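Spelled out, the chains give:
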Amino acid sequence: MSNTTTLPSAGSSRFYLRDEHHVENGTLLGFWLYLMSDCLIFACLFAVHGVVGRSYAAGPTGADLFDLPLVALNTSMLLLSSITYGFAMLEMQKNKVRSTLAWLAVTGLFGLAFISLELYEFAHLLHEGAGPQRSAFLSSFFTLVGTHGLHVTFGIIWLVTLMVQVSRHGLIPENRRRLMCLSMFWHFLDVVWIGVFTFVYLMGVLP
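Nothing here was measured: the structure is a model prediction, and the numbers come from that model.

## Overview of the overall build of the protein chain
Scanning the protein chain from N- to C-terminus turns up six helices and zero strands. When the helices and strands of the protein chain are placed in sequence order, the string is α-α-α-α-α-α. By residue count, 40% of the 207 residues in the protein chain fall in the buried class. Of the contacts formed within the protein chain by residues at least 6 apart in sequence, a portion of 80% connects residues at least 24 apart.

Here's what the structure looks like:
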C-alpha cells in the first residue's frame, strides 16, 4: 500500500490537515476568558445587593433571618472541597488514577453537602414567608446566592462527568486539561463564596 499523500488540485477549494490543530494552552486561555465573564456577572449581582441590601420593605432583616453557625458550616464544606480537589490534582501529577478519582469523589460529596445545606436554608426562609418577592433585599439575596448555588451544581455535574471519563480513558492529556479547567472553576467559586459570606451574611447581620 502506498503511503503517499494526494495533494489537492490547483482548482480545489478543500484541504485537510492530517494532524490535530490545537493551539498550546488555548483551552486554558479560553477558560480564563470565561471566568472573567463570570466575574462580571457576580460583580453586577454584588453591586445590586450593595444598593438594595437594606431595602427591607418593613420586612425581616438579615439579622432576623440568617443562621450564621449554619452558614459557617456550609462555608467550611465548600472550603474543604477546594482542599480535597487540590489533593486530587496532586495525585493526578503522580499519574495515580484511583487516588485521583477518590479525592474527586470526596470533593463531590462536600459539594453535595454545600448544596443540601443551601437548599435547607432556602426552604426555611420560604417557610418563614421570607421569599424573594418579600423585599428587594430578599430578591437580591436569593438571586446572588442562588446563582452561586447553580454554579456549584453545574460544577458537581461536570465533576461526575470527568470522573467517568478518567475511569474509562485514564489520565490522558485531554482529561488532565479538563481537570485543570474544573480546578480553576471550583476555586473561583470558593473565592466568590467568601465574598458572599462576608458581604451578604456577616454584613447583613450588622445593625
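On we go from here.
## Regarding the nonpolar core
The tendency in soluble globular proteins is for nonpolar side chains to be buried as a group. Among the nonpolar cores identified, the biggest contains 51 residues, and Phe141, Leu179, Leu182, Trp193, Val196 and Tyr201 are the most heavily contacted of them. The set of elements that each furnish at least two residues to this core consists of helix H1 (26-52), helix H3 (68-93), helix H4 (97-127), helix H5 (136-169) and helix H6 (173-202). No other element matches H6, which puts 14 residues into this core. Once you skip the residues sitting within four places of it in the chain, Leu182 turns out to touch Tyr85, Gly155, Trp158, Leu159 and Leu162.

## A short note on H4
Between its first and last C-alpha, H4 extends 45 Å over 31 residues, near the 45 Å set by a 1.5 Å rise per residue. Among the residues trailing H4, Gly129 stands out with phi positive, at a value near 80°.

## Some points on the packing of aromatic side chains
Taken as a whole and assessed by the stated rule, the structure comprises 19 aromatic pairs. Summarising the aromatic geometry, the rings of Phe31 and Tyr34 are spaced 5.4 Å apart at their centres and angled 50° between planes, so their arrangement reads as tilted. On the criterion of helical spacing, the pair formed by Phe31 and Tyr34 is a turn pair, its members being three residues apart in helix H1. The class for Phe31 is buried, based on a relative accessible area of 12%. Taken together, the ring pairs connect Tyr56, Phe66, Phe114, Phe122, Phe137, Phe141, Phe142, Trp193 and Tyr201 into an aromatic cluster.

The rules behind each value
- Residues numbered from 1 in each chain as written.
- Predicted model: local features only at pLDDT ≥ 70, side-chain atom pairs only at ≥ 80, totals over all residues.
- Heavy atoms only, no water.
- Helix = DSSP H or I, 4+ residues; strand = E, 2+ residues; numbered from the N terminus.
- Buried < 20%, exposed > 50% of the residue type's maximum accessible area, 1.4 Å probe, protein only.
- Contact = heavy atoms within 4.5 Å.
- Core = buried A, V, L, I, M, F, W, Y, C linked by side-chain atoms within 4.5 Å.
- Expected span 1.5 Å × (residues − 1).
- Phe/Tyr/Trp six-rings, centres within 6.5 Å; stacked < 30°, edge-to-face > 60°.

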